[in-house]
Amino acid sequence: MTPLLSVRDIEKRYGARIGCTGVSFDLFPGEVMGIVGESGSGKSTLLSCLAGHMAPDAGQVIFATRDRGPVDTVTMSEPARRMLARTDWAFVHQNPRDGLRMGVSAGGNVGERLMAVGGRHYGTIRETATDWLARVEIAADRIDDRPSQFSGGMQQRLQIARNLVTGPRLVFMDEPTGGLDVSVQARLLDLLRGLVRRLGLSAIVVTHDLAVVRLLADRLMVMKGGRVVETGLTDQVLDDPQHGYTQLLVSSVLQV
Amino acid sequence: MTDDYNFAYLDEETKRMIRRAILKGVAIPGYQVPFASREMPMPYGWGTGGVQVTAACLTPEDRLKVIDQGADDTTNAVSIRKFFHRTAGVDTTEATAEATIIQTRHRIPETPLAEGQILVFQVPIPEPLRFLEPRETETRKMHELEEYGLMHVKLYEDIARHGRIATAYAYPVLVEDRYVMDPSPIPKFDNPKLDDNPAILLFGAGREQRIYALPPYTKVVSLDFEDHPFEPSKADHDCDLCGASDTYLDEVITDDRGGRMFVCSDTDHCRTRRAAGHAGRLGAVA
């Protein structure tokens, strides 16, 4: 099986400081990879480099495109990369305000990607938007409301619908449950897990919440100081942490 | 003409700079060319961009017509016409067919334009994507990469909210299958006239410092959806003065008991028709 995403020796520096360095891994179709670490460990920097929001200083991010096979997205042309970002990739921001157009109705938000790839039939766009709102448990009669009239959890679900509408194969998630209260978090996680499994999506989930990766991720990467300190199957890493930092991280979780 | 002014007010260096921007705009139809817009002796929003483009195009042999919302006799039109009469000494006219340069605010004349004529538009906001994407860096990138999905989001919102595309003016167009362009706030009734027009159409935005252009016979398509096609719209009446049924109309309130009349917004066209013997509901033959 060829990996969907191959990352080789990614490095990003901010001047003399290290953002992240020496990160390599393969992500296979249908697999969910969790990246955990404390604030400043370089996990968000890594995600930005992978998703093309930031240019890494060194390394390769090879993505298996539908039409041209494996291509290095770091060196590919910008139009091609932005095209990927609208079609085969999705990016779920921690703050839904970063990923949504707050002045545009829910239907318009979901439809934007369809129109960006050439959808020009209003009826079809609206139908697809309604369908996706239902899939993320937003009532159909809210389709013409603006996201600013939605609760935080609904905004996050809307952001997910907006991203998944073009049928991406790879989803980047940056703290998808950050800023939500626990019961809403649980529902969102449940929804995400269902969508990921049903659609066979591959995903990279960055979070500092170990419960999120326990539920969503097949594999886990633990980062500290811009470097990967431990990798493995999620249950294996969380139940039998080898590296000192991972042990600290696991033991820091409050037990209720 | 007083000799205290350089011909057409602007100095020659400035006119040369503007002409270069115009030439570049003509070479890349629909592309917004930045230019070093000057302070003009009128406030922004009164046509400073259009005036600079007109000044750069004027020659002593030209005959100038200025219209504001189609009318030759409104404040803006009168003052700009006098401005050029004084600073350039050119002949002015109100007849569309006789003019070589027409500066216009938000209308295209009803009389079809011909080869050799130049129509100069006054543009308040040249960026069609501005209200959806406030970042200039991002809108430039979108033009560069032809990422125009967002423009349809605006039209989608219109249909979702009003049941049809409710944008009635400044209706976005696609130029030569490449650039999405704001045609300035002309009514969408005028949009079809942009397509394949034999005249040179120039657009000047003074405050925003942009010039763009449509050379003669350019392909201009109004954006729409397959199931909600573009429709030019006008008031569902005939002109009350000249009886024309195919012109863009202004609604004029005539008293405080609901009395109103509809008249051609293009005063020159209306007058010409009445002189030729046409009369509407309220108009006697002139």
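1. Quick notes on the domain arrangement of chain A
Residues and elements named next belong to chain A.
Next, step 1: By domain assignment, chain A separates into domain 1 (1-88 + 169-256) and domain 2 (100-167).
Next, step 2: For domain 1 and domain 2, the distance between their C-alpha centroids amounts to 25 Å.
Next, step 3: Facing the 17 residues of domain 1 at the interface are 15 residues of domain 2.
Next, step 4: In total, domain 1 and domain 2 occlude about 1300 Å² of area from one another, counting both sides; carbon and sulfur atoms represent 64% of this.
Next, step 5: When the area that domain 1 buries against domain 2 is broken down by residue, the three leading residues are Arg86, Leu191 and Leu195, summing to 35%.

2. Digging into the domain arrangement of chain B
Residue and element names in this part refer to chain B.
Next, step 1: Assigned domains of chain B: these are domain 1 (12-128 + 171-219) and domain 2 (234-281).
Next, step 2: Computed over C-alpha atoms, the centres of domain 1 and domain 2 are 26 Å apart.
Next, step 3: Contacts between domain 1 and domain 2 engage 15 residues on the former and 11 residues on the latter.
Next, step 4: A combined buried area of about 940 Å² lies between domain 1 and domain 2, and 46% of that area is made up of carbon and sulfur atoms.
Next, step 5: At the boundary of domain 1 with domain 2, the tally comes to 1 salt bridge.
Next, step 6: Our enumeration of links across domain 1 and domain 2 arrives at 8 residue pairs in polar contact (both at pLDDT 80 or more).
Next, step 7: Residues belonging to the side of domain 1 that touches domain 2 are distributed by class as follows: 5 nonpolar, 4 polar and 6 charged.

3. Overview of the interface of chain A and chain B
Next, step 1: Counting from both sides, the interface comprises 22 residues of chain A and, opposite them, 21 residues of chain B.
Next, step 2: Per-residue buried area on chain A facing chain B is highest for Arg82, Arg120 and Tyr122 of chain A; these three make up 38% of the total on that side.
Next, step 3: Joining chain A to chain B, the criterion identifies 13 residue pairs in polar contact (both at pLDDT 80 or more).
Next, step 4: Every element with two or more residues in the side of chain A that touches chain B is listed here: helix 2 (78-86), helix 4 (106-116) and helix 5 (122-135) of chain A.

Reading the values: rules and limits
Along every chain, residues carry numbers that run from 1 in the direction the sequence is written. For this description, chains carry letters from A and ligands carry numbers from 1, given in the order in which they are written. The predicted nature of this model means local features are confined to residues of pLDDT at least 70 and side-chain atom pairs, given and counted, to a pLDDT of 80 or more, with totals for whole chains, interfaces and linings taken over all residues. Side-chain figures throughout are based on the complete set of non-hydrogen atoms in the structure, without hydrogens or water. Where each domain begins and ends follows an automated or database-derived domain assignment. Here, two residues are considered to be in contact whenever any of their heavy atoms come within 4.5 Å of each other. Summed over both partners, buried area is the accessible surface (1.4 Å probe) that two parts give up on being assembled. The working definition used for a salt bridge is a side-chain nitrogen of Lys or Arg within 4 Å of a carboxyl oxygen of Asp or Glu. Counted as a polar contact is a pair of N or O atoms within 3.5 Å, where, for protein atoms, one must be capable of donating a hydrogen and the other of accepting one, and residues adjacent in sequence contribute only when both atoms are in side chains. Amino acids are sorted into nonpolar (Ala, Val, Leu, Ile, Met, Phe, Trp, Tyr, Cys and Pro), charged (Asp, Glu, Lys and Arg) and polar (every other residue, Gly among them). Secondary structure follows DSSP: runs of H or I at least 4 residues long count as helices, runs of E at least 2 residues long count as strands, and numbering of each begins at the N terminus.

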